[in-house]
Amino acid sequence: MTSLMSRRHLVLAATGIAAAAAAPRIVFAQGTMAPAGPFKLDPLGYPTNALEPHIDARTMEIHHDRHHQAYVNNLNNFAKDNPQIAAKPIPEVLASLNDVPEAIRTGVRNNMGGHANHTMFWQIMGPNGGKAEGDVLAAIDRDLGGLEKMQAAFNAAGGRVFGSGWVFVTVSKEGKLVIETRPNQDNPIMDGKRALIGNDVWEHAYYLNYQNRRADYLKAWWNAVNWKAVGERYAAAKAGTLGV
Ligand code: MN3
């Protein structure tokens, strides 16, 4: 295992710094350079109750420990007979799904997409998330009409996703932002873009606490966003170093 995440842990160990749960989440955990497998579920960077009351602890436990773990387990099962899907970085595999054997292509699309989406999702949330500022706020102002307008448009787009899917702000290499949705576990990498942020509008993301009130969940979710992490993702996207 030579992922950047494990290298980071080695560096931290070497400098005597414990890889504590409070350590900042890095953007490159499933990076552009690292081979994808064996696939691994990173622990949450904060306690499961840290996002209450906006997202309840039980939802976080089930979502991270069961749903996301299942995507990871399924990928490792696919990789047993198809090691090539674990030999390349995740963004490379997702960007060229036609190279994946047809028999497992849909499974890889769903489960690797799910792994990428959720890795991003846990990373851009956190307690005491601060506020949008700096370059990313300037881009939101420039491309999406400001923070309030962006949030309203994002929530509206998330509300329009029929069935299961995601709402994203995608970011181009030039730093341009666009609000887009995807069905199922599709990820913008699949069509040459990158997610800056994304919210999961599958019912499993909110149903325990919000039942059918997806609009309330979408609105409350902004309180759980970690703007420092979003700012780091924006800088990484422009530098060409953003992983998933
Ligand atoms: Mn989910």
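All chains use their own residue numbering, which begins from 1 and follows the written sequence. Reporting in this predicted model follows two pLDDT cut-offs: at least 70 for local features of residues, and 80 or more for side-chain atom pairs to be given and counted; totals over whole chains, interfaces and linings ignore these cut-offs and use all residues. The basis for every side-chain value is the complete set of heavy atoms in the structure, and neither hydrogens nor water enter the calculation.

(A) Looking closely at the coordination of the manganese ion. Only His63 (NE2), His118 (NE2), Asp200 (OD) and His204 (NE2) from the protein coordinate the manganese ion, and they sit 2.0 to 2.1 Å from it. Coordination here is defined by N, O and S atoms within 2.8 Å of the metal (3.2 Å for Na, K and Ca), and since water is not considered, a site can look incomplete. When the donor residues of the manganese ion are listed from N- to C-terminus, their spacing reads H-x54-H-x81-D-x3-H. Taken together, the positions of histidine 63 in helix H2 (residues 57–81) and histidine 118 in helix H5 (residues 102–123) put the pair 55 residues apart, joining distant regions of the chain. The buried label applies to any residue whose accessible area, calculated with a 1.4 Å probe on protein chains only, is under 20% of its type's maximum; exposed applies above 50%, and partly exposed to all values in between. Exposure remark for histidine 63: the relative accessible area of 2% places this residue in the buried category. Overall, histidine 118 belongs to the buried group, its relative accessible area being 0%. Numbering goes from the N terminus for both helices and strands, where a helix is a DSSP run of H or I of at least four residues and a strand is a run of E of at least two.

(B) Representation of the environment of tyrosine 206 within the structure. Along the polypeptide, tyrosine 206 turns up in the loop between strand E3 (194–200) and helix H8 (207–210). Accessibility expressed as a relative area gives 3% for tyrosine 206, which makes it buried. With 151 residues separating them in the primary sequence, tyrosine 206 and isoleucine 55 have C-alpha atoms 7.4 Å apart. The contact criterion used throughout is that any non-hydrogen atoms of two residues lie within 4.5 Å. For tyrosine 206, the residues in contact, after removing those within four places along its chain, are Thr59, Val201, Gln211, Arg214 and Tyr217. Nitrogen and oxygen atoms within 3.5 Å of one another constitute a polar contact, given that in protein one can donate a hydrogen and the other can accept it, and given that sequence-neighbouring residues count only through two side-chain atoms. Here the side chain of tyrosine 206 touches arginine 214 through a polar contact of 3.2 Å, side chain to side chain.

(C) Region of the structure containing the packing of H2 against H5. For helices, the fitted axis covers only the stretch in contact; all axes are lines through C-alpha atoms, and the angles between them, taken along N-to-C directions, range from 0 to 180 degrees. Here H2 crosses H5 at 140°, and the two axes come no closer than 9 Å. Compared by their axis directions, H2 and H5 come out oblique. Seen from above, H2 lies across H5 with left-handed handedness. Contact residues: H2 offers Met60, His63, His64, His68, Ala70, Tyr71, Val72, Asn74, Leu75 and Phe78, while H5 offers Ile104, Gly107, Val108, Asn110, Asn111, Met112, Gly114, His115, His118, Thr119, Phe121 and Trp122. Note on residue categories: nonpolar means Ala, Val, Leu, Ile, Met, Phe, Trp, Tyr, Cys or Pro, charged means Asp, Glu, Lys or Arg, and polar means any other residue, Gly included. Of the residues contributing to the contact of H2 with H5, the split by class is eleven nonpolar, eleven polar and no charged. Roughly parallel means an angle under 35 degrees; roughly antiparallel means over 145; roughly perpendicular covers 65 to 115; every other angle is labelled oblique. Helix crossings fall into two classes, left-handed where the near helix is turned counterclockwise from the far one by less than a right angle and right-handed where it is turned clockwise.

(D) Region of the structure containing the sheet that holds strand E2 (residues 177–183). A sheet is described by the order of its strands in space; here three strands give the open sequence E2-E1-E3, paired in antiparallel fashion. Edge strands, defined here as strands with exactly one partner in the open sheet, are E2 and E3. Between one strand axis and the next, the sheet turns through 25° on average, direction left out of account. Strands strand E1 (165–171), E2 and E3 of the sheet are contacted by helix H7 (residues 147–160), whose axis makes an angle of about 145° with E1. Most of the contacts of helix H9 (residues 214–221) go to E3, to which it runs at about 130°, and overall it touches E1 and E3. A pair of strands is labelled paired if DSSP reports no fewer than 2 bridges between them.

(E) Up close: the packing of helix H6 (residues 134–144) against H7. With their axes 8 Å apart at the nearest point, H6 and H7 run at an angle of 70° to one another. In terms of orientation, H6 lies roughly perpendicular with respect to H7. For the pair H6 and H7, the crossing hand works out as left-handed. In this structure, H6 contributes Leu137, Ile140, Asp141 and Leu144 to the contact, and H7 contributes Leu147, Lys149 and Met150.

So far we have only geometry, and geometry alone does not tell us how the molecule works.
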